[in-house]
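Per-entry structural report
Each chain, written out:
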Amino acid sequence: MSACFIEYLNASKNFQKDIVYFEGVNAYEDAIAWGKTNLENFNLDMIKYL
């Protein structure tokens, strides 16, 4: 099982650091899909592993 996360500055929380975790077999693919949907400036380098 793999796990990864995306750390970003959340505009709706006054640009405070926010982290979204992804777990499971498809964690990396889920992180990519979430990043493309929710972050305007998404880059694959934003995905980090635990």
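Described below are features of the structure shown in this document. The structure displayed is predicted, hence computed values, not measured ones.

Let's talk about unusual backbone geometry
The residue Asn14 is not glycine, and still its phi comes out positive at about 60 degrees. Within the element layout of this structure, Asn14 appears in the loop between β1 (2-10) and β2 (16-24).

Regarding the pairing of β2
Every regular strand shows the same layout, with side chains that alternate between the two sheet faces. Relative to β2, β1 runs antiparallel, the two sharing nine bridges. Looking across to β2, one finds that Leu9 is bridged to Lys17. If you look at the hairpin formed by β1 and β2, you'll find five residues sitting between the two strands, and Asn14 has a positive phi there, around 60 degrees.

About the thresholds
- Residues numbered from 1 in each chain as written.
- Predicted model: local features only at pLDDT ≥ 70, side-chain atom pairs only at ≥ 80, totals over all residues.
- Heavy atoms only, no water.
- Helix = DSSP H or I, 4+ residues; strand = E, 2+ residues; numbered from the N terminus.
- Pairing = 2+ DSSP bridges.

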